[in-house]
Amino acid sequence: MNHPQYILLPANSFFIVLSLLAAFMLNLFPWGNVVGVPDFVALVLVFWSIHQPRKVGIGVAFVMGVLMDVHDAVYLGENALAFTLLSYFAISIHRRVLWFPPLVQSFQVFPLFLGVQLIQLAVRLLLSTDAHFPGWLFFLGCILTTALWPVATWLLLAPQRRAVDKDDTRPI
């Protein structure tokens, strides 16, 4: 607990939109049936729902979910429901999560990513007539998404960090 606390600059709305679009583009890659691909949209949605809950909330999560539904050609509303609940629960724990360093935060956001995959799996199993359980490797994606949390935190907070060197012309 000896690390310094830095005052962050306000988050730029353009950067938030850019990061959401970049995450969407990463999810658009033709991964196919590769096991364990992280959900980049869920990762960025949770990050901004925790760090900027007034700018990125349930509405943005719903729109991103519908876009992912259209891209994945799944039941319309599957990802929208999952991302909406993901954003709701991320906003509800955002004050507690911010007290911890990013590595400990990853343990607290893991249930959110697991919940997204459970909701998606439940919708597929309930609505499809020939659906079957895909196996336990299906949940490797939420584990890898959680493992990316410290990296995503470092990358997405980078534009908000102030310079470390002291300058007499800066007010803070």
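Going by the structure above, here's the rest.
In this report, the structure presented in the accompanying data block is examined.

So, the overall build of the chain
- Each helix and strand in the chain was counted, giving 8 helices and 0 strands.
- Listed N to C, the secondary structure of the chain is α-α-α-α-α-α-α-α in terms of helices and strands.
- Looking at the chain as a whole, 38% of its 172 residues are labelled buried.
- Carbon and sulfur atoms make up 71% of the accessible area of the chain, which totals about 10500 Å².

Section: the pattern of salt bridges
- According to the stated counting rule, one finds 1 salt bridge in the structure shown.
- In this structure, the salt-bridge partner of R124 is E78, at a minimum N-O distance of 2.8 Å. Of the two residues, R124 is situated in helix α6 (residues 102-127) and E78 in helix α4 (residues 78-92); the sequence distance between them amounts to 46 residues.
- Look at R124 and you get partly exposed, because its relative accessible area is 30%.
- Classification of E78 by relative accessible area gives buried; the value is 2%.

A few points about helix α3 (residues 58-72)
- Over its 15 residues, α3 runs 20 Å from end to end, which matches the ideal 21 Å to within 8%, given 1.5 Å per residue.
- Three or more residues of α3 are buried, namely A61, M64, G65, M68 and D69. One side of α3 holds all its buried residues, which, seen down the axis, span an arc of 145 degrees.
- Turning to α3, the residues buried within the fold contact α1 (13-28), α2 (40-51) and α4.
- Directly beyond the C-terminal end of α3, a positive phi value near 55 degrees is found at A73.

Overview of unusual backbone geometry
- Phi is positive for A73, which is not a glycine, with a value near 55 degrees.
- By secondary structure assignment, the location of A73 is in the loop between α3 and α4.
- Residue classification places A73 among the exposed positions, given a relative accessible area of 67%.

Some details on the nonpolar core
- Counting residues in each nonpolar core, the largest one holds 39 residues, and the members touching the most others are V41, L45, V46, W48, F83, F113 and W149.
- Residue assignment for this core shows that the elements contributing at least two residues are α1, α2, α3, α4, α6 and α8 (149-157).
- For F83, the residues in contact, after removing those within four places along its chain, are D39, V41, A42, L45, A61, M64, G65, M68 and V116.

Topic: the environment of A61
- Tracing the backbone through its elements, the reader meets A61 in helix α3.
- Between the alpha carbons of A61 and L45 there is a distance of 6.7 Å; along the sequence they are 16 residues apart.
- Not counting the four nearest positions on each side in its chain, A61 is found in contact with L45, F83, T84 and S87.

Considerations on the side chain of T153
- With respect to the helices and strands, the residue T153 is situated in helix α8.
- Once you skip the residues sitting within four places of it in the chain, T153 turns out to touch F47, P102, Q105 and R161.

So, the packing of α6 against helix α7 (residues 140-147)
- In the contact formed by α6 and α7, the axes pass within 9 Å of each other and the chain directions differ by 150 degrees. As judged from the angle between their axes, α6 and α7 are roughly antiparallel. Considering how the two elements wind past one another, α6 and α7 form a crossing that is right-handed. Side by side, α6 and α7 meet where S106, F110, F113, L114 and Q117 of the first sit next to G141, C142, I143, T145 and T146 of the second.
- Broken down by class, the residue content of the contact of α6 with α7 amounts to 5 nonpolar, 5 polar and no charged.

About the thresholds
- Residues numbered from 1 in each chain as written.
- Predicted model: local features only at pLDDT ≥ 70, side-chain atom pairs only at ≥ 80, totals over all residues.
- Heavy atoms only, no water.
- Helix = DSSP H or I, 4+ residues; strand = E, 2+ residues; numbered from the N terminus.
- Buried < 20%, exposed > 50% of the residue type's maximum accessible area, 1.4 Å probe, protein only.
- Areas by Shrake-Rupley, 256 points an atom, 1.4 Å probe, with all protein chains shown as cover.
- Salt bridge = Lys/Arg side-chain N within 4 Å of Asp/Glu carboxyl O.
- Expected span 1.5 Å × (residues − 1).
- Arc of directions from axis to C-beta.
- Contact = heavy atoms within 4.5 Å.
- Core = buried A, V, L, I, M, F, W, Y, C linked by side-chain atoms within 4.5 Å.
- Axes fitted to C-alpha atoms, helices over the stretch in contact; angles between N-to-C directions.
- Parallel < 35°, antiparallel > 145°, perpendicular 65-115°, else oblique.
- Left-handed = near helix turned anticlockwise from the far one by under 90°.
- Nonpolar A, V, L, I, M, F, W, Y, C, P; charged D, E, K, R; others polar.

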